[in-house]
Amino acid sequence: MTDKKSLVKVAGLLGAAALTFSLASCSGGQSVADACNIANSTVNEATGDLQSVLSDAMSGEGDLSAAFDPITEALEEAQAEVTNEEVSSALATFTDELSAMSGTLEGYEIPDTSSIDPSDPAAMDKLEQMQAEAEEMTTKLQEQSTSLTEAGQKLQDLCSAG
């Protein structure tokens, strides 16, 4: 009789464990592939838009930091849809790196050097100051670009494996 009770208990435990597992996989188990589809389409669209937006901003037709706003918003929306923990983490890192670049550019305007008189020492000092600021900005942006590229590569690697 005890063997039958033990068997019933074990069967009950196994049944409960199987039910828990199946409910967990049905309720919130977004696959890596599904999460990557959301992340990849958003990242591809965002980076595609980024090239044209940056091109406009570099030609003086836009604010460099504001150029990132729609892209960051799209990535944050994708994060809300991605429930897979691995992909969500990688996407969050990518979004954070892009936001950092935007923060670096906040308030920065490409200086207009067309009216600088090369014979005026004060104007030339101002030009040298602008060049030094631009070099600092470029160095920081190169570092951030490297981090952004690495974050994008991690996301791509995760999605290629999944």
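Computed from a predicted structure; not experimentally measured.

Rules used throughout
- All chains use their own residue numbering, which begins from 1 and follows the written sequence.
- With pLDDT at 70 or above as the cut-off, local features in this predicted model cover only qualifying residues; side-chain atom pairs require 80 or more to be listed or tallied, and sums for whole chains, interfaces and linings still use all residues.
- For side-chain calculations, the full set of non-hydrogen atoms in the structure is used, while hydrogens and water are omitted.
- Only runs of H or I of at least four residues qualify as helices and only runs of E of at least two qualify as strands under DSSP, and these elements are numbered from the N terminus.
- To estimate the expected span of a helix, subtract one from its residue number and multiply by 1.5 Å.
- Under the scheme applied here, a residue whose accessible area is under 20% of the maximum for its type counts as buried, over 50% as exposed, and between as partly exposed, the area being computed with a 1.4 Å probe on protein chains only.
- In this description, one arc is meant: the one made by directions from the helix axis to the C-beta atoms.
- Axis lines are fitted to C-alpha atoms, over the contacting stretch for helices. Their N-to-C directions set the angle, which ranges from 0 to 180 degrees.
- Here is the rule for angles: anything less than 35 degrees is roughly parallel, anything more than 145 is roughly antiparallel, 65 through 115 is roughly perpendicular, and the remaining ranges are oblique.
- The sense of a crossing depends on the near helix, which, turned anticlockwise from the far helix by less than a right angle, makes the crossing left-handed and, turned clockwise, makes it right-handed.
- By the convention used here, residues are in contact when the closest approach between their heavy atoms is within 4.5 Å.
- Lys, Arg, Asp and Glu make up the charged group, whereas Ala, Val, Leu, Ile, Met, Phe, Trp, Tyr, Cys and Pro make up the nonpolar group; the residues left over, Gly among them, are polar.
- The disulfide criterion is simple: two cysteine sulfur atoms within 2.5 Å.

(A) Quick look at helix H3 (residues 69-81). The terminal C-alpha atoms of H3 lie 19 Å apart, and with 13 residues this matches the ideal 18 Å at 1.5 Å per residue to within 8%. Buried residues of H3: Ile71, Thr72, Leu75 and Ala78, and no others. Across the axial projection of H3, the buried residues extend over an arc of 120°, all falling on one side. Those residues of H3 that are exposed and angled more than 90 degrees off the buried face are Pro70, Glu77 and Ala80.

(B) Geometry of the packing of helix H4 (residues 85-105) against helix H5 (residues 121-161). Two elements in contact, H4 and H5, have axes whose closest approach is 9 Å; the angle formed by their N-to-C orientations is 165°. With respect to their mutual orientation, H4 and H5 come out roughly antiparallel. In the crossing of H4 with H5, the sense of the turn from one axis to the other is left-handed. Residue-level inspection shows Glu86, Val87, Ala90, Leu91, Thr93, Phe94, Glu97, Leu98, Ala100, Met101, Thr104 and Leu105 of H4 in contact with H5, the latter providing Met137, Lys140, Leu141, Gln144, Ser145, Ser147, Leu148, Ala151, Gly152, Leu155 and Leu158. Tallied by class, residues from the contact of H4 with H5 come to 14 nonpolar, six polar and three charged.

(C) Just the state of the cysteines, in detail. If you walk through the whole model with that rule in mind, you get one disulfide. Across a sulfur-sulfur distance of 1.9 Å, Cys36 and Cys159 are joined as a disulfide pair. Taking the sign of the S-S torsion, about -85° here, the bridge from Cys36 to Cys159 comes out left-handed. On the criterion of sequence distance, the pair formed by Cys36 in helix H2 (residues 32-58) and Cys159 in helix H5 is long-range, its members being 123 residues apart. For Cys159, a relative accessible area of 15% gives the class buried.

No statement about biological role is implied by the geometric values presented.
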